[in-house]
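Observations on the three-dimensional arrangement
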Amino acid sequence: MKKRNAGYVVILALMAVVTGCKEPASLTLATGEQQTLNDYKGQWLVVNYFAEWCAPCLREMPLLNELSKSGGPAVLAVSFDALSNQALQDLSQRYQLAMPVVAKLAGPWPFESPRALPTTLVLDPKGKLVDTHQGELKPEDIANWQDKYWQKTQP
């Protein structure tokens, strides 16, 4: 019986080691720079999925640019389409995107890839998903998030 219990302890310990060694959620920017979700710990993060062929995505970009420049949450624009880094950099310049453009997300992000565009996700300072918005963002959506989330945590 003692051997059996010892076996369970060994199995549980191995499971803890294996699950604790996961790669963190990571991203590759259009510039080629690598980051992780941990780089955004301690701050609110707005992740927006977009595509150049998506008219509502392009209409909401000025609003996201403004949010990115506001000193509020960090904002990331994630390309829904698999484009080269150069194509994403060109797109960023063409539409004067103020926020970093992400070419690829990898690892255990707290959300799945969206099925509709545009989709915007809000992550709290611990990296937990707290809100999702599908469809074109409006100024009142950002104002609601500001009142509900990041305004409360700013000095």
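Details of the structure are given in the entry above.
Residues numbered from 1 in each chain as written. Predicted model: local features only at pLDDT ≥ 70, side-chain atom pairs only at ≥ 80, totals over all residues. Heavy atoms only, no water.

**Let's talk about the environment of Leu91**
Mapped onto the secondary structure, Leu91 falls in helix α3 (residues 85–94). Given a relative accessible area of 2%, Leu91 falls into the buried group. Beyond its immediate stretch of four places on either side in the chain, Leu91 contacts Phe50, Glu52, Leu83 and Leu97. (Helix = DSSP H or I, 4+ residues; strand = E, 2+ residues; numbered from the N terminus. Buried < 20%, exposed > 50% of the residue type's maximum accessible area, 1.4 Å probe, protein only. Contact = heavy atoms within 4.5 Å.)

**Here's the deal with the sheet that holds strand β1 (residues 26–29)**
Taken together, the seven strands give an open sheet; going across it, the order is β2-β1-β5-β4-β3-β6-β7, and neighbouring strands pair in mixed fashion. Looking along the sheet, the strands with just one partner apiece sit at the ends: β2 (34–36) and β7 (129–134). On average, each strand axis in the sheet is inclined to that of its neighbour by 30°, with strand direction left out of account. Packed on one face of the sheet, helix α2 (residues 55–69) meets β3 (45–50), β4 (74–79) and β6 (119–123) and runs near 160° to β3. Contacts between α3 and the sheet are confined to β1, β3, β4 and β5 (101–106), with β5 contributing the most and set at about 140° to the helix. (Pairing = 2+ DSSP bridges. Axes fitted to C-alpha atoms, helices over the stretch in contact; angles between N-to-C directions.)

**Overview of the side chain of His133**
Mapping His133 onto the fold places it in strand β7. The buried category is assigned to His133, whose relative accessible area is 18%. Among the polar contacts listed, one links the side chain of His133 to the backbone oxygen of Glu136, at a separation of 3.4 Å. For His133, the contacting residues outside a window of four places in its chain are Pro118, Thr119, Thr120, Asp141 and Trp145. (Polar contact = N/O pair within 3.5 Å; in protein donor to acceptor, adjacent residues only side chain to side chain.)

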